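# Structure assessment
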Amino acid sequence: MAFSAFATATATEQAPRRASKVALLLLLPGIAYLMLFFLVPLFSLVITSLQAPAEFGDIGEYNNAFRWENYTTAIGQYSGQILRSFVYAVLATIFALLFSYPLAYFIGVRARPYPLLQKLILVMVIAPFFISFLLRTLAWKQILSDESPVVAGLKALSLLAPDAYLTGTPFAVVFGLTYNFIPFMTLPLYASLERLDTRYLEAGSDLYSTPFTTFRTVTIPLSMPGIVSGVLLTFIPAAGDYVNASREFLGGTGTTMIGNVIESNFLISLNYPAAASLSIILMAVILVLVTVYVKRSGTEDLL
């Protein structure tokens, strides 16, 4: 009996160890993938951002000494583009939330008794993903161009000055960012609202609460996971976007974002240290803003 009990206890202790070893083996491919395609490029980017190009060397040849001047120069020279990027990203995120929340609420709550309608609207939300990001933005450039019926109609209604234009303006860039990232906001909101228990809404009505009070005190808190996810999925790529603000698409010389500066330094000027330092600055600022946002919203446990 004593030996049997000892063997059972030993087997019970060894079972978690075997399970942990199996879990580690299963995780190894993913860990190796992250190290190879995330940590290694990130480390290379940090090292490059601290380099100084060799005076008479080829492209990609640097001096051995590390320096911080790349960061101070980047901040001093491109502070306007950095600030503009985050202003545009914040505006696009706010507009995307304002447009997406009613849509997601309708799909997830109001259309719940009609599965076919619910699926049809979801397909319409996802459909833009089947078209290239560049083609969608280029299409809006044509729609908002000076010769388009939209601009002509706005001028005919005196909603736009005769000599005014839309492309190349902050309005066009923010509009493009909002449009392109609306699905990233709508889908997390829908996933959260689709699980909303409508009995809570009925309880609020039974307690003589107004629809606005019920929405503010019940619906929004219960959908907060979707709001947090949607805001992060929209703000982060919007802050680093370089397509919408490009002069070849919806932007102009006065709408340059930090992504356009990084693209120019990487692909045109071939100034890799400057581009790398700007990339690190962009990632650091986004990380700080996201951390502050998550802590202020009290949703650390949702991530």
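Before reading further, recall that the structure is shown in the block above.
None of these values were measured; they are calculated from a predicted model.

## Structural notes on the packing of aromatic side chains
Under the definition given, this model contains eleven aromatic pairs. Ring centres 4.9 Å apart and planes at 45° place the aromatic pair Tyr33 and Phe37 in the tilted group. Here Tyr33 and its partner Phe37 are both found in helix H1 (residues 2-49), four residues apart, which amounts to about one turn of the helix. The class of Tyr33 is exposed, set by a relative accessible area of 53%. Ring plane angle 40° and centroid distance 5.9 Å describe the contact between Phe266 and Tyr272, whose orientation is recorded as tilted. A relative accessible area of 27% means that Phe266 is categorised as partly exposed. Among the aromatic residues, ring-to-ring pairing joins Phe129, Phe133, Phe181 and Phe184 into one connected group.

## Details of the pattern of salt bridges
Any two side chains of opposite charge can pair if their charged atoms end up close together. Evaluated as defined, the whole model comprises one salt bridge. In this structure, Asp197 engages Arg199 in a salt bridge whose closest nitrogen and oxygen atoms are separated by 2.7 Å. The class for Asp197 is partly exposed, based on a relative accessible area of 24%.

## Observations concerning the nonpolar core
Grouped together as the largest cluster of nonpolar side chains are 33 residues, with contacts concentrated most on Phe86, Leu177, Ile258 and Leu278. It is helix H11 (residues 272-297) that provides the largest number of residues to this core, a total of nine residues. Those residues in contact with Phe86, other than ones at most four positions away along the chain, are Phe235, Ala239, Leu282, Val285, Ile286 and Leu289. Ranked by size, the runner-up nonpolar core spans 18 residues in total, among them Ala96, Tyr101, Ile121 and Met185.

Basis of the calculations
- Residues numbered from 1 in each chain as written.
- Predicted model: local features only at pLDDT ≥ 70, side-chain atom pairs only at ≥ 80, totals over all residues.
- Heavy atoms only, no water.
- Phe/Tyr/Trp six-rings, centres within 6.5 Å; stacked < 30°, edge-to-face > 60°.
- Helix = DSSP H or I, 4+ residues; strand = E, 2+ residues; numbered from the N terminus.
- Buried < 20%, exposed > 50% of the residue type's maximum accessible area, 1.4 Å probe, protein only.
- Salt bridge = Lys/Arg side-chain N within 4 Å of Asp/Glu carboxyl O.
- Core = buried A, V, L, I, M, F, W, Y, C linked by side-chain atoms within 4.5 Å.
- Contact = heavy atoms within 4.5 Å.

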